[in-house]
There are 2 protein chains.
Amino acid sequence: MIHVVVMAGGIGSRFWPMSVPEYPKQFIDVLGLGRSLLQMTVDRLLPLCPIGNMWIVTSERYVDIVCEQLPGMPEGNILAEPEARNTAPCIAYASRKIAKLDPEAKIVVTPSDALVLNTTEYLTVLKEAIDFVAHNDAIVTVGIKPSRPETGYGYIAACGQRTMGAVERVAAFKEKPDLETAKGYLESGSYYWNAGIFVWKVTTIERSLRRYVPQIAEIMDQIAPSLHTLDEQATLRRLFPLCDKISIDYAVMERADNIYTIAADLGWSDLGTWGALLQNATRDSSGNAVIGTNINLHNCEDCVVHISDMDRVIVEGLNNYIVASKGGRLLVCRLSEEQHIKEFSL
Amino acid sequence: MIHVVVMAGGIGSRFWPMSVPEYPKQFIDVLGLGRSLLQMTVDRLLPLCPIGNMWIVTSERYVDIVCEQLPGMPEGNILAEPEARNTAPCIAYASRKIAKLDPEAKIVVTPSDALVLNTTEYLTVLKEAIDFVAHNDAIVTVGIKPSRPETGYGYIAACGQRTMGAVERVAAFKEKPDLETAKGYLESGSYYWNAGIFVWKVTTIERSLRRYVPQIAEIMDQIAPSLHTLDEQATLRRLFPLCDKISIDYAVMERADNIYTIAADLGWSDLGTWGALLQNATRDSSGNAVIGTNINLHNCEDCVVHISDMDRVIVEGLNNYIVASKGGRLLVCRLSEEQHIKEFSL
């Protein structure tokens, strides 16, 4: 069967004060579309498998938010990390839990806070990836065909040979490039943005984890007997924090040799910056993205205004600014300075 | 005896959202000094007369705020206008009420929302004015020696001859001038800012009102029997709204010929604009006036930030802006555009 693992444990610190550690970005309707990013992620994956086959991995402190936002989700499908240990332990835990129910599972792993506009294409690509991993001991990572020389994303370097259908072998993963390098990537046509969306059989990822991060696999061996029992959370609290803190990219993707990609044009954005949010939101004729009600802009251009709990907002004379407010916190900041918000808000 | 009438009925519409019709400017600690403008006005006049001789004229809807802000004030000294009819009816009502108690009263009339820094000089000037009106059938209006060619204030043109001590006869009142004219006023040395502070005997103002605005005087005749009785407010509600809506300047000051002025350097500002507020507040080394707590500015210059009810505020990269928030309302606006705030906030 197909399973989906949605990773929803991030704290979204770059989006203060819209996103705060008590209620981070993935739970917020950042684009003003009426659904949180997590809800939109689940919505777009529902054609792939029933909600009982979806697993949300999040922090213990966000479980209530997930329950509230996904009322159809069985509570047992919400995996509550006692502590954030990056993505490798997160995926190891979800995989082991699924494996115990369904040793033949094919799994899609996805972040919870990205935007996908071309949902049909997205499902097509995922189905193709699932079909491929069903017949091969392979890991497929979805590649996004770049539309600009973006320096804010990591890249997937494909080999340029098609293996089966649209599937290409991955030559390497590349860190965020400088602008020159990014332009080269764009021109070459075989570099794709790394969206952090992975497809594999549970047996494949389990074997990879045991090979590349045995420390984590061994802790999962100890946790395994408690999974799907009343003892699970207590065991997890005791053992999960012992896992090495390591990303799945570093633990597996950059080291395994059975990595493939399917590149597609998904209208994807990681919404990782206020600038990306501005680019992807509905904008007025002056280029402003206004998310919230009772907000009036005068003489403003290319601003992103995200205010959810004010009765009346008037913003005048700003060009390329962020104006955000929530829960008694207010930010006014140039978009060009958004990388400093984290330090400002400490 | 000396009495003080503080006019506190304004709605402070230029200071949205710090000042809103439900809680306007005079009741706000606009400079972050720990006292509202009304409280500071009363504080600085207390050496002149006991609080029982002070009369606050305000709107019915602000009576509770006045009671709360001036706990020592007898409730009977709060005069509640059922409707705003400008300053002539306001002063006529207060005068009639005082006259009934003390027909020999000398009265100081003052706005409630101006700033006076040189309190000692202020009291000296008022005492001199009181002494003058005690012995003359005269109206004294306090003149502020101009320190700059201000185009935002009305001016008092003095005759240039001293009548007694510092008292000069007033030749005319001048509307807000253009810059050229204001420069001429400044050079001449006999033009003063009109602070709207008046001193007179109750008999003098009563006679002037009867002569220049008999319609208002006649309504006061009808109201008079009810004053200081349980029937006062009901009578006022019935009759006060019938008064012509006219300012004391237009009704009396510009028409009477017994007008005098004493000019002084009082460190006075009407605090009539956000710009004036910025000029008169404590400013940081970058020229920002920050009123409120938990507010951090980065790369900001000459901004006025007035936020009373946020837990955390970060403002970055603004030069010459107003940032104000209160009661679920937020304003970000260039100081140069502050004259439009009123229309923006409609």
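The rules we used
- Residues numbered from 1 in each chain as written.
- Chains lettered and ligands numbered in written order.
- Predicted model: local features only at pLDDT ≥ 70, side-chain atom pairs only at ≥ 80, totals over all residues.
- Heavy atoms only, no water.
- Pairing = 2+ DSSP bridges.
- Helix = DSSP H or I, 4+ residues; strand = E, 2+ residues; numbered from the N terminus.
- Axes fitted to C-alpha atoms, helices over the stretch in contact; angles between N-to-C directions.
- pLDDT = per-residue confidence, 0-100.
- Contact = heavy atoms within 4.5 Å.
- Buried area = accessible area lost by both parts, 1.4 Å probe.
- Salt bridge = Lys/Arg side-chain N within 4 Å of Asp/Glu carboxyl O.
- Polar contact = N/O pair within 3.5 Å; in protein donor to acceptor, adjacent residues only side chain to side chain.
- Least-squares fit on C-alpha atoms with pLDDT ≥ 70 in both.
- Buried < 20%, exposed > 50% of the residue type's maximum accessible area, 1.4 Å probe, protein only.
- Phe/Tyr/Trp six-rings, centres within 6.5 Å; stacked < 30°, edge-to-face > 60°.
- Lys NZ or Arg CZ within 6 Å of the ring centre and 35° of its normal.
- Lys, Arg positive; Asp, Glu negative; His and termini not counted.

Participant: Is there a simple way to explain the sheet that holds strand β17 (residues 329-334) of chain B in this structure?
Facilitator: Think of a sheet as strands paired side by side through backbone hydrogen bonds, with each pair either parallel or antiparallel. Spatial ordering of the open sheet is given by β13(A)-β15(A)-β17(B)-β16(B)-β14(B)-β12(B), a layout of six strands whose pairing is mixed. Strand pairing shows two members of the sheet lacking a second neighbour, β13 (295-298) of chain A together with β12 (289-291) of chain B, which therefore form its edges. Across this sheet, the average inter-strand angle for adjacent strands is 5°, counted without regard to direction. By the bridge criterion, four bridges tie strand β15 (residues 312-316) of chain A to β17 of chain B in an arrangement that is parallel. By the bridge assignment for β17 of chain B, V315 of chain A is matched with V332 of chain B.

Participant: I tried to follow the confidence of the model for chain A on my own but got confused; where do I start?
Facilitator: When pLDDT is low, close inspection of the predicted coordinates is not appropriate. Within chain A, residue pLDDT values average 96, and 100% of them lie at 70 or more. Of the two predicted TM-score estimates for the complex, the pTM is 0.89 and the ipTM is 0.88.

Participant: What is the right way to read the interface of chain B and chain A from this model?
Facilitator: Often, the extent of an interface is quoted as the loss of accessible area upon association of its parts. The interface of chain B with chain A comprises 28 residues on the first partner and 28 residues on the second. Contact between chain B and chain A buries roughly 2,400 Å² in total, counting both sides, with carbon and sulfur atoms accounting for 57%. Applying the counting criterion to the chain B and chain A interface returns two salt bridges. Salt-bridge contacts for R334 of chain B lead to E316 of chain A; the nearest nitrogen and oxygen are separated by 2.6 Å. At the junction of chain B and chain A, the tally comes to 20 residue pairs in polar contact (both at pLDDT 80 or more). Among the elements of the structure, β15 (312-316), β16 (321-326) and β17 of chain B are those that each provide at least two residues to the side of chain B that touches chain A.

Participant: Would you take a moment to explain the relation of the copies chain B and chain A for this structure?
Facilitator: There are two copies of the chain, and a rotation about an axis plus a shift along that axis relates them. Mapping chain B onto chain A is achieved by rotating through 179° and translating by 0.0 Å along the same axis, at an RMSD of 0.1 Å. Taken together, the rotation and translation describe the operation of a two-fold axis. When the interface residues of chain B are mapped onto chain A, 100% of them again fall at the interface, so both copies present the same face.

Participant: Explain unusual backbone geometry here, please?
Facilitator: Residues and elements named next belong to chain A. The omega torsion of the bond from W16 to P17 falls at 0°, within 30 degrees of zero and hence cis. By the element assignment, P17 lies in the loop between β1 (2-7) and α1 (37-45). Even without glycine at this site, H228 takes up a positive phi of about 65°. For H228, the location among the structural elements is in the loop between α7 (214-223) and α8 (232-239). Judged by its relative accessible area of 36%, H228 falls in the partly exposed class.

Participant: Help me understand the packing of aromatic side chains in this model?
Facilitator: Two aromatic rings are characterised by how far apart their centres lie and by the angle between their planes. All names here are of chain A. Under the defined criterion, the tally for this structure stands at 22 aromatic pairs over all chains. On the numbers, 4.8 Å between centres and 55° between planes, the contact of Y155 with Y185 is tilted. Within this pair, whereas Y155 is found in strand β7 (residues 155-164), its partner Y185 is found in helix α5 (residues 179-188), the two being separated by 30 residues in sequence. Both residues of the pair, Y155 and Y185, count as buried. Clustering of aromatic rings is evident, with ring pairs tying together Y23, F27 and Y62. Lying over the aromatic face of Y122, R44 brings its terminal NZ or CZ to 5.7 Å of the ring centre.

Participant: Any chance you could explain the pattern of salt bridges here in plain terms?
Facilitator: A side chain of one charge can pair with a side chain of the opposite charge when the charged atoms of the two come close. Residues and elements named next belong to chain B. In this structure the tally under the stated criterion is 27 salt bridges over all chains. Close ionic contact of R237 with E60 constitutes a salt bridge, the shortest N to O distance being 2.7 Å. Residue R237 is located in helix α8 (residues 232-239), and its partner E60 is located in the loop between β2 (54-59) and α2 (63-69); the two are separated by 177 residues in the primary sequence. Of the residues examined, R237 reaches a relative accessible area of 51% and is grouped as exposed. On the basis of relative accessibility, which here comes to 25%, the residue E60 falls in the partly exposed class.

Participant: What is the right way to look at the pairing of strand β6 (residues 139-144) of chain A in this model?
Facilitator: In summary, the side chains of a regular strand alternate between the two faces of the sheet. Residues and elements named next belong to chain A. When you tally the buried positions in β6, you get six out of six residues, the bulk of the element. Across the two faces of β6 the burial is the same, with I139, T141 and G143 and V140, V142 and I144 all buried. With six bridges connecting them, β6 and strand β10 (residues 259-264) associate as parallel partners. Considered in β10, the bridge of V142 is made with I262. Across four bridges, the pairing between β6 and strand β9 (residues 191-201) is antiparallel. What sits directly across from I144, in β9, is W193.

Participant: Explanation requested: the pairing of strand β7 (residues 155-164) of chain B in the structure shown.
Facilitator: Residue and element names in this part refer to chain B. With three bridges joining them, β7 and strand β9 (residues 191-201) adopt antiparallel strand pairing. Paired with Y155 across the two strands is W193, which belongs to β9. What sits between the antiparallel neighbours β7 and strand β8 (residues 167-174) is a turn of two residues, in which G165 has the positive phi angle 55°.

Participant: Explain the side chain of E337 of chain B here, please?
Facilitator: Residues and elements named next belong to chain B. Inspection of the secondary structure puts E337 in the loop between β17 and α11 (341-344). As a buried residue without a salt bridge, E337 has its nearest oppositely charged side chain in R334, at a separation of 4.8 Å. There is a polar contact of 3.4 Å between the side chain of E337 and the side chain of S336.

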